[in-house]
Amino acid sequence: MKRTFKCAAAVGLASVLVTGCAGPRLVSSMSRTRDDRYRFIWYQNKSVPPFSYTSEQGLVDCRKGQSGQLEDCKPVKILFLDKEDK
């Protein structure tokens, strides 16, 4: 009985670690540019309590097509540079 319980617990923990690590990507902000392009800021929680609590964020740039659907969506890479002291 104890061995069966340990095996079931190990399988349950492994499934949580493999499948439960990332939640859905949620849009937190949207903006529109002058040339009918749309930008979305998204975030995604990636955590397995009580082991880790992390999240990812990103920016996606899309174009509005003739049909009104968003097309040509691409992730935007953001690079922060330190200013040199003058």
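What you see is a predicted model, and the numbers here were worked out from it, not measured in a lab. (Residues numbered from 1 in each chain as written. Predicted model: local features only at pLDDT ≥ 70, side-chain atom pairs only at ≥ 80, totals over all residues. Heavy atoms only, no water.)

Participant: What am I meant to see in the pattern of salt bridges here?
Facilitator: Opposite charge on two side chains makes pairing possible when the charged atoms of those side chains draw close. Considering all chains together, one arrives at 5 salt bridges under this definition. Ionic pairing is found between Arg63 and Glu71, a salt bridge with its closest N-O pair at 3.1 Å. (Salt bridge = Lys/Arg side-chain N within 4 Å of Asp/Glu carboxyl O.)

Participant: Would you mind going over the state of the cysteines with me for this structure?
Facilitator: By definition, a disulfide links two cysteine residues through a covalent bond between their sulfur atoms. In this structure the tally under the stated criterion is 1 disulfide. Between the sulfur of Cys62 and that of Cys73 lies a disulfide, 2.1 Å long from S to S. Taking the sign of the S-S torsion, about 120° here, the bridge from Cys62 to Cys73 comes out right-handed. Of this pair, Cys62 sits in strand β3 (residues 52-64) while Cys73 sits in strand β4 (residues 70-76), and the two are 11 residues apart along the sequence. With a relative accessible area of 2%, Cys62 lands in the buried category. (Disulfide = S-S within 2.5 Å. Helix = DSSP H or I, 4+ residues; strand = E, 2+ residues; numbered from the N terminus. Buried < 20%, exposed > 50% of the residue type's maximum accessible area, 1.4 Å probe, protein only.)

Participant: Hey, could you run me through the environment of Met30 in this one?
Facilitator: Checked against the element boundaries, Met30 lands in strand β1 (residues 26-32). The exposed category is assigned to Met30, whose relative accessible area is 51%. With sequence-adjacent residues up to four places away left out, Met30 is seen in contact with Tyr38, Arg39 and Phe40. (Contact = heavy atoms within 4.5 Å.)

Participant: Mind showing me how you'd approach unusual backbone geometry here?
Facilitator: What you tend to see is this: most non-glycine residues have negative phi, and most peptide bonds are trans. One non-glycine residue with positive phi stands out, namely Asp36, at about 55°. The residue Asp72 is not glycine, and still its phi comes out positive at about 55°.

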